[in-house]
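Chain and residue survey
The primary structure of each chain is shown beneath.
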Amino acid sequence: MTSSLLLPYEGPHLSLRNRIAMAPMTRNRADDATGVPNPLTAEYYAQRATAGLIVSEGIWPGVLGKGEPGVPGLTTDAQVAGWRAVTAAVHAAGGTIFAQLWHVGRMSHPLNLPGRATPLAPSAVRIESQKIHTNEGCVPHVTPRPLTAAEVEATVADFAAAARNAVRAGFDGVEVHGANGYLIQQFLAENTNRRTDRFGGSRDGRLRFALDVVNAVAAAIGPGRVALRISPDNPENEIAEEDPRGTYRALVDALDPLGLAYLHIIERGAYEALADLRPRWSGTLIGNFNGPEPTTRRAGEEAVAAGLADVFSFGRLFISNPDLPARFATGAPLAPHVPGLVHGGGAEGYTDYPVASLASPPVGG
């Protein structure tokens, strides 16, 4: 019996060869001075183009949105040209690729920003329990500077400009990163948004930035090429949401009429977001489980079969299994990745993982 993940998907705005998406994963291999993708990046994504959909690693829409060394941007002509090589390689291999636009907010550090700028956030709420990687080692976070209302609006404009650059670079669309404790979720969460202006206070105020970004990006490139990724009730990066059900129901209800390409939901925490939000979303829904271990094929199949998602995304399995759909189809063993090679470096742990037919002997996992 054919796996539900291997069936084609036809949605309002997506036509995919299968229902397996490659989730966005930070690999920290761009030129740190220029934000231009590494020349190996085209090979890396083309190797994985048998996924129904690839979502790129997070790309900063403005230089103050950069979190760590080696994260690429999408603001300059050189960056656009670098990404055009990537999208051309993916399309030549028959793939579909969206760019993920990622502003980290308070999850940065002056050592990672131009002019040693203070990171920007909704409010001056510091990350206390973890450190951040810089070119000078792992260091404690600093207290971010609250964005002024004018800077909030300028950041919205940055997302729209980066979306236009993504289209120039040949991406099939963009996914706005609203998950995992970064800037958009910092506006959504009560503990990180203590503003009293129109971008905070009430639930409507906390939703405003997310809605403004998505609407601006949709106006820039068309809603059918725009997606949003969310992670309701996700405590990652010291996020605490008091009422995730109410917040995300209101967000989804506001966005559903726009006719976006898809909604990408990470389920992590006590809130069963897929089951709760699926009935409220009329378009394509991509599911994801972000647990301590990589999501299994069976878990993805069960979510699709139950109607909780149309497509399911896999992250870590794609690092070491560039031919993941073929391995799912044939039952070939899954190769484990080397965690120490995930972030930064060159070809090792990036483009040197073999396809199953070339692995001798195959590595179990």
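Residues numbered from 1 in each chain as written. Predicted model: local features only at pLDDT ≥ 70, side-chain atom pairs only at ≥ 80, totals over all residues. Heavy atoms only, no water.

Quick look at the side chain of Arg 278 now. For Arg 278, the location among the structural elements is in the loop between helix H7 (273–277) and strand S13 (285–289). Taking relative accessible area as the criterion, Arg 278 reaches 14% and is therefore assigned buried. For Arg 278, the side chain forms a polar contact with the side chain of Asp 310, separated by 3.0 Å. Those residues in contact with Arg 278, other than ones at most four positions away along the chain, are Ala 273, Gly 283, Leu 285, Gly 307, Leu 308, Ala 309 and Asp 310. (Helix = DSSP H or I, 4+ residues; strand = E, 2+ residues; numbered from the N terminus. Buried < 20%, exposed > 50% of the residue type's maximum accessible area, 1.4 Å probe, protein only. Polar contact = N/O pair within 3.5 Å; in protein donor to acceptor, adjacent residues only side chain to side chain. Contact = heavy atoms within 4.5 Å.)

A few words now on the packing of aromatic side chains. Scanning the model with the defined rule gives 9 aromatic pairs in all. Between the aromatic rings of Phe 314 and Phe 328, the centroid separation amounts to 5.3 Å while the plane-to-plane angle is 70°, which identifies the pairing as edge-to-face. One end of the pair, Phe 314, is in strand S14 (residues 311–314); the other, Phe 328, is in helix H10 (residues 324–330), with 14 residues separating them in the sequence. For Phe 314, a relative accessible area of 1% corresponds to the buried category. Relative accessible area serves as the criterion here: at 4%, Phe 328 is assigned to the buried category. Cluster of aromatic residues (ring-pair linked, three or more members): Phe 289, Phe 312, Phe 314 and Phe 328. (Phe/Tyr/Trp six-rings, centres within 6.5 Å; stacked < 30°, edge-to-face > 60°.)

Look at any regular strand and the pattern is simple: side chains alternate between the two faces of the sheet. Of all the 5 residues making up strand S11 (residues 226–230), 5 are buried; the element is thus mostly covered by neighbouring parts of the structure. Residue alternation in S11 divides its side chains into two sets, Val 226, Leu 228 and Ile 230 and Ala 227 and Arg 229, and both sets are buried. When strand S10 (residues 173–178) meets S11, the two strands line up parallel, connected through 5 bridges. Paired with Val 176 across the two strands is Leu 228, which belongs to S11. By the bridge criterion, 4 bridges tie S11 to strand S12 (residues 262–267) in an arrangement that is parallel. Bridge pairing in S12 places Leu 228 opposite Leu 263. (Pairing = 2+ DSSP bridges.)

Attention now moves to helix H8 (residues 297–305). Within the span of H8, buried status applies to Ala 299, Gly 300, Glu 301, Ala 303 and Val 304. One or two steps after H8, the chain reaches Gly 307, where phi turns positive at roughly 80°.

Right, let's get into the environment of Ala 240. With respect to the helices and strands, the residue Ala 240 is situated in the loop between S11 and helix H6 (244–255). Setting aside chain neighbours within four positions, we find Ala 240 in contact with Ala 189, Glu 190 and Asn 191.

Applying the stated rule across the entire model yields 16 salt bridges. One salt bridge connects Arg 206 with Glu 190, and the closest N-O pair in it is separated by 3.4 Å. Placement of the pair is Arg 206 in helix H5 (residues 203–221) and Glu 190 in the loop between helix H4 (183–188) and H5, with a sequence separation of 16 residues. Judged by its relative accessible area of 7%, Arg 206 falls in the buried class. Taking the relative accessible area as the measure of exposure, Glu 190 reaches 16% and is therefore buried. If you follow the salt bridges from partner to partner, you end up with Arg 245, Arg 249 and Asp 276 in one network. (Salt bridge = Lys/Arg side-chain N within 4 Å of Asp/Glu carboxyl O.)

Turning next to the nonpolar core. In terms of nonpolar packing, the biggest core is built from 75 residues, with Phe 209 and Leu 251 touching the most fellow members. For this core, the element with the highest residue contribution is H5, accounting for 9 residues. Once residues lying within four places of it in the same chain are set aside, the contact partners of Leu 251 are Leu 188, Leu 207, Ala 210, Leu 211, Leu 228 and Ile 230. Leu 16, Leu 53, Ala 227 and Ala 261 belong to the second-largest nonpolar core, a separate cluster that totals 12 residues. (Core = buried A, V, L, I, M, F, W, Y, C linked by side-chain atoms within 4.5 Å.)

Time to look at the sheet that holds S14. Strand pairing in a sheet relies on backbone hydrogen bonds. The paired strands run either parallel or antiparallel. Taken together, 8 strands build a closed barrel; the order of strands is S3-S4-S5-S10-S11-S12-S13-S14 and the barrel is parallel. Each strand of the sheet is rotated relative to its neighbour by a mean of 25°, with strand direction disregarded. Each of strand S3 (20–22), strand S4 (53–59) and strand S5 (97–101) is contacted by helix H1 (residues 40–47), which is oriented at about 145° to S4, the strand it contacts most. Running at roughly 160° to S5, helix H3 (residues 149–168) makes contact with S5 and S10 of the sheet. (Axes fitted to C-alpha atoms, helices over the stretch in contact; angles between N-to-C directions.)

Along the polypeptide, Glu 301 turns up in helix H8. Using a relative accessible area of 18% as the deciding quantity, one classes Glu 301 as buried. Excluding its chain neighbours within four sequence positions, the residues that come into contact with Glu 301 are Ser 3, Ser 4 and Leu 5.

What you tend to see is this: most non-glycine residues have negative phi, and most peptide bonds are trans. The residue Asn 180 is not glycine, and still its phi comes out positive at about 60°. Structurally, Asn 180 can be placed in the loop between S10 and H4. A relative accessible area of 9% places Asn 180 in the buried class. In this structure, Asn 237 is a non-glycine residue whose phi angle is positive, near 55°. Judged by relative accessible area, Asn 237 falls into the buried class, the value being 8%.

Turning our eyes to something else, we now look at the pairing of strand S8 (residues 137–140). Bridging between strand S7 (residues 131–134) and S8 involves 4 bridges; their strand directions are antiparallel. Among the inter-strand pairings, Thr 134 is bridged to a residue of S8, identified as Gly 137. Counting the residues that bridge the hairpin from S7 to S8 gives 2 residues.

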